[in-house]
Amino acid sequence: MADVLVLVDHVDGSVRKPTLELLTLARRLGDPVAVHLGPGADTAAPTLAEYGAVRVLAADAPEFTEYLVVPKVDALRAAVESVSPVAVLVPSSAEGKEIAARLALRLDSGLITDAVDVEAGDRGPIATQSVFAASYTTRSRITSGIPVITVKPNSAAPEAAPAAGAVETLEVTVTEGGGGTRVVSRAARESTGRPELTEAAIVVSGGRGVNGAENFSVIEALADSLGAAVGASRAAVDAGWYPHSSQVGQTGKSVSPQLYIAAGISGAIQHRAGMQTSKTIVAVNKDEEAPIFDLVDFGVVGDLFQVVPTLTEEIRTRKG
Amino acid sequence: MSLRIVVCVKYVPDATGDRGFTDELTTDRESVDGLLSELDEYAVEQALQIAESADDAEITVLTMGPEDANDALRKALSMGADKAVHVDDDDLRGTDVFGTSLVLARAIEKVGYDLVVCGMASTDGVMGVLPALLAERLGVPQVTLLSEVSVADGTVTGRRDNDAASEELGASLPAVVSVTDQSGEARYPSFKGIMAAKKKPVETLDLEDLDIEAEQVGLAGAWTAVEDATERPARTKGEIVTDEGEGAKQLASFLAERRFI
């Protein structure tokens, strides 16, 4: 079978869940070959093999962390030349999309970003996307070159399919000057101990109605009772109540969890764009006219400061 | 020497309208009113701030699109940009992101530049990769997705926040930057700005001016094809209860029914 390249998203060899989803999707198109850039390939390899990587191409160079995007494009291009894959799958992070775009341009290949599903087709892979604030679903195909597709988190359930996954060294010649954009310093984000927003099965989000940074503890308590990630609307982020990394919506994260709970969020189009593909949606809002109620499976018109803490208590009691 | 800034902007269908597709499965740009992409206003704003902090700077705002896209340029000019370039050609209809990056890169080179400023993404296509493609085509550093940006002594620096970390970036000019919606609210055009914009020059270019063949762009030159587009069925509104003391319990029962607790 033909090879499919999968760019591994990892932190020092600890493989992030979206990579396992990509390996699972890649198997529909051919044999997954993982590309591991940076340290930790030997740590990552057993996990990558468990999810179907027939080989792991590994390269480590200081340029991958010292310069933005370009050295990774160089490496992925080297992998494409060595393997001649039928497709390249890349995680749909901000960096992943930029790497994929520059790679596609170098290969004279088409690009599809933010796919939510990928399947094999007669004339190459077919990617499903959710567009115009998730009001349409499109199915697209790449008509030139080796298809390069970025895939959003939560697009497939990872399925184990053990393969060899032997680590091989990938020779990379990095562009002179690393592409020119130096990463002068990097401050790791503090971990909240909660699931990643884009990967979580349940998301609890707060909006304007939360009315203050200190009140977000009410949202966090509900999230913790459910093992959920915490999100925020743009209004809450712009007001400085919650970090931008937690913003759900057009200019923040787009999430598609099993359950989305919106508290004090009116549901403007920009917010809906980031959450309306969630499987089940519930909302608590004191304004019965709030557009969010048009989307919900269950809604409570009421004061979130009454409803949410009581709900948290109720969940804790029921869970024992 | 004057700092030459080019801001790339896009004229997009209003996101609050009922957006859809044409028979050719391209974005329908007729049936919904267009406007300057909200996310590009942040690019114009940061360009203005960089120009204000420089000794001498000139801002050219650049767009590619149909005749109506002129409205987006006028808005940017009324905010304070100095001049505008509009690439308009019938053969551009249906152009994908690679064709767009080719057209804009050629136009940027024709105008002359030290710094290119873009928004983080368009509000219609939302791919967010055009700035990276411009950097690749122009062969200059890509300093993208910045929530803070400044330019001094021929160097651009800025902060890029991603999922795992917050990074401080630096590159020498010329460079391509993109700024996020966290970079600072865009100013409103003043009445004086709106009046002044009417007199500012807008140059129109076509593909021939940029030495680009029709086959390299448009629907025929696109490297992707949409097979089908399906309107997502509207979500059916579920049960709405008014809290009279029992709202939380009713919600908990719903969550239990759906096996979330």
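Residues numbered from 1 in each chain as written. Chains lettered and ligands numbered in written order. Predicted model: local features only at pLDDT ≥ 70, side-chain atom pairs only at ≥ 80, totals over all residues.

As recorded by an unreviewed UniProt entry, chain B carries the name Electron transfer flavoprotein subunit beta and is attributed to Streptomyces alkaliphilus. Among the UniProt annotations of chain B, the heading Cofactor (unreviewed entry) holds the following wording: "FAD". The annotation that UniProt attaches to chain B under Function (unreviewed entry) is "The electron transfer flavoprotein serves as a specific electron acceptor for other dehydrogenases. It transfers the electrons to the main respiratory chain via ETF-ubiquinone oxidoreductase (ETF dehydrogenase)." (UniProt positions renumbered as here; feature names shortened; annotations may be inferred.)

Going by the annotation in an unreviewed UniProt entry, the name recorded for chain A is Electron transfer flavoprotein subunit alpha/FixB family protein, with Streptomyces alkaliphilus given as the source organism. Under the UniProt heading Subunit (unreviewed entry), the entry covering chain A gives this text: "Heterodimer of an alpha and a beta subunit." UniProt annotates chain A under Function (unreviewed entry) with the comment "The electron transfer flavoprotein serves as a specific electron acceptor for other dehydrogenases. It transfers the electrons to the main respiratory chain via ETF-ubiquinone oxidoreductase (ETF dehydrogenase)."

**Looking at the overall build of chain A**
Helix and strand content of chain A: nine helices and 17 strands. Relative to the globule expectation of 20 Å for 320 residues, the C-alpha radius of gyration of chain A, 21 Å, shows essentially globular dimensions. Taken over the C-alpha atoms alone, chain A extends approximately 60 × 45 × 40 Å along its principal axes. In chain A, of all internal contacts separated by at least 6 residues, the share reaching a separation of at least 24 is 68%. (Helix = DSSP H or I, 4+ residues; strand = E, 2+ residues; numbered from the N terminus. Rg over C-alpha atoms; globule rule 2.2 N^0.38 Å. Contact = placed C-beta atoms within 7 Å.)

**Quick look at the UniProt feature "domain: Electron transfer flavoprotein alpha/beta-subunit N-terminal" (unreviewed entry) in chain B**
The positions UniProt marks with the feature "domain: Electron transfer flavoprotein alpha/beta-subunit N-terminal" (unreviewed entry) are residues 24-214 of chain B. With 30% helix and 29% strand, residues 24-214 of chain B has end C-alpha atoms that lie 18 Å from one another.

**Overview of the UniProt feature "domain: Electron transfer flavoprotein alpha/beta-subunit N-terminal" (unreviewed entry) in chain A**
This chain's UniProt record puts "domain: Electron transfer flavoprotein alpha/beta-subunit N-terminal" (unreviewed entry) on residues 4-187 of chain A. Counted over residues 4-187 of chain A, helix gives 28% and strand 33%. Its end C-alpha atoms are 33 Å apart.

**Some remarks on the pairing of strand β17 (residues 298-301) of chain A**
Two faces make up the sheet, and in a regular strand the side chains alternate between them. Burial of β17(A) is two-sided: the residues Phe298(A) and Val300(A) facing one way and the residues Gly299(A) and Val301(A) facing the other way are all buried. Bridge analysis of strand β16 (residues 280-285) of chain A against β17(A) gives four bridges, and the strand direction is parallel. Bridge pairing in β17(A) places Val284(A) opposite Val300(A). By the bridge criterion, four bridges tie β17(A) to strand β13 (residues 239-242) of chain B in an arrangement that is parallel. The partner of Phe298(A) across the bridge, within β13(B), is Glu239(B). (Buried ≥ 20, exposed ≤ 12 C-beta atoms within 10 Å, placed from the backbone. Pairing = 2+ DSSP bridges.)

**Quick word on the sheet that holds strand β14 (residues 229-232) of chain A**
The strands that make up a sheet pair up through hydrogen bonds in the backbone, lying either parallel or antiparallel. Taken in spatial order, the six strands make up an open sheet running β14(A)-β13(A)-β15(A)-β16(A)-β17(A)-β13(B), and their pairing is parallel. Across the chains shown, the open sheet's two edge strands, defined by having one partner strand only, are β14 of chain A together with β13 of chain B. For this sheet, the mean angle separating the axes of adjacent strands, direction not counted, is 15°. Sheet strands touched by helix α9 (residues 304-319) of chain A: β15 (259-263), β16 and β17 of chain A. Its angle to β16(A), the strand with the most contacts, is close to 135°. (Axes fitted to C-alpha atoms, helices over the stretch in contact; angles between N-to-C directions.)

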